[in-house]
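# Examination of the molecular architecture
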Amino acid sequence: MTTRRSFSKGLLVAGLTSALPVRAWAGDWPTRPVKLIVPFAAGGNTDGIARLVGQYLGDQLGATFVIENKVGAGGAIAADLVARAAPDGYTLLMVTVSQIGILPVLQPTKFDPAKDFAPISNIASNPFCLVANPQFEPKTIQDFVAYVKARPGQLSYASGGSGSLSHLTMVLFLKRAGLDMVHVPYKGGGPAITDVIGNQLPVYFGNLSEALPHAGDALRPLAVSGTKRVMQLPDVPTIAESGYAGFRSETWNGLVAPARTPQSILDVLAAGARDAVKNPMILQRLNGYGVEPIGSSPKEFSDTIAADIALWGDAIKAAGVTQQ
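## Things to note about the layout of surface pockets
The rolling of a water-molecule-sized probe over the atoms marks out the regions of remaining empty space. The computed volume of the largest pocket comes to approximately 830 Å³. As for the largest pocket, its lining consists of 32 residues, and the residues nearest its centre are Phe40, Ser98, Ser164, Leu165 and Asn207. Going through the elements one at a time, helix H1 (45-61), helix H3 (97-106), strand E5 (117-132), helix H5 (165-177), strand E8 (203-207), helix H7 (208-211) and strand E10 (250-258) are the ones with two or more residues in the lining of the largest pocket. Per-element tally for the lining of the largest pocket: the top contributor is H3, with four residues. Here the lining of the largest pocket is composed, by residue class, of 10 nonpolar, 21 polar and one charged. Forming the walls of the second largest pocket are 19 residues, and the residues nearest its centre are Ser125, Lys228, Val291, Glu292 and Pro293. Secondary structure elements with two or more residues in the lining of the second largest pocket: E5, helix H9 (280-289) and strand E11 (292-293). At three residues, H9 tops the list of elements feeding residues into the lining of the second largest pocket. Its residues assigned to classes, the lining of the second largest pocket comprises nine nonpolar, six polar and four charged.

## Brief notes about the confidence of the model for the protein
Mean pLDDT over the protein works out to 90, with 91% of the residues at or above the 70 mark. Confidence drops under pLDDT 50 across residues 8-15; counting only partners more than four residues distant or on other chains, this segment forms 14 contacts. Between residues 17-25, whose pLDDT stays under 50, and residues either more than four places distant or in other chains, the model counts 25 contacts.

Calculation rules
Residues numbered from 1 in each chain as written. Predicted model: local features only at pLDDT ≥ 70, side-chain atom pairs only at ≥ 80, totals over all residues. Heavy atoms only, no water. 1 Å grid on protein atoms, 1.4 Å probe; cavity = no way out; pocket = protein on both sides within 12 Å on 5 of 7 lines; lining within 4 Å. Points joined across faces, edges and corners; volume = space filled by probe spheres on them. Helix = DSSP H or I, 4+ residues; strand = E, 2+ residues; numbered from the N terminus. Nonpolar A, V, L, I, M, F, W, Y, C, P; charged D, E, K, R; others polar. pLDDT = per-residue confidence, 0-100. Contact = heavy atoms within 4.5 Å.

What follows is the structure in structure tokens.
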């Protein structure tokens, strides 16, 4: 399934235009519309971030950025399309950690995540949040560890599905803390979090954007999985600061191009992405998505990709999830 929407200079919503001059670009690029492929349907975080960045880049480069939602196979269809595209700067992918670090381990893919893409910029990251039903006895992450450790194999946790990021994040934490819980997979994060709110299951390690609307009366946040606390829940500690130094589990949305795209084009796009996440209107929208703006360099994003390919490969092995 493919849906399209174009963004170009002069068509931006109020607040996204920049006082910066239009950038000098690499050679005569771009001279025609740039396709920004999104591996998920319109309306989600990844789609929203792609549209914000596409609007901004279109304005800065005086070009048209066409958003195309290529849905299917968990994002593999979109990733394969971009991997096989000409490396000329006219086909880009708003990629997530799922297509880079998880799909190639769980199922055969036509693309190599480490070789077939040229990283541009990690736009924003999104940690996970361990939430509990308010009736669940533990009030802190330390209480949780002690409570579960005293009841090995007796307690269950929800996930958005076997091999999902919510499942694998919980597996990483349970392994690190030496805990034994029963996995109950759901068909998506929505049903999982609904049953935790309804006290069918005590805990869920879900995407921060899923947890935020319910944090408080409906769900008790115990910890977040990023490298630092999040501004939306400043009193909720990280796993790392709670006795598990170095623990990190985050998803992200970043721009990549086909491998062998000229470095000059990658650098122009990375500079535009870096400026985009500093724009007040974009920052406000990103905060609403529950994500942390980054705007990294190509080298920094390349390092993140390499680290996460290793991280999620290990998590999948620890979870015992087999190739589909």
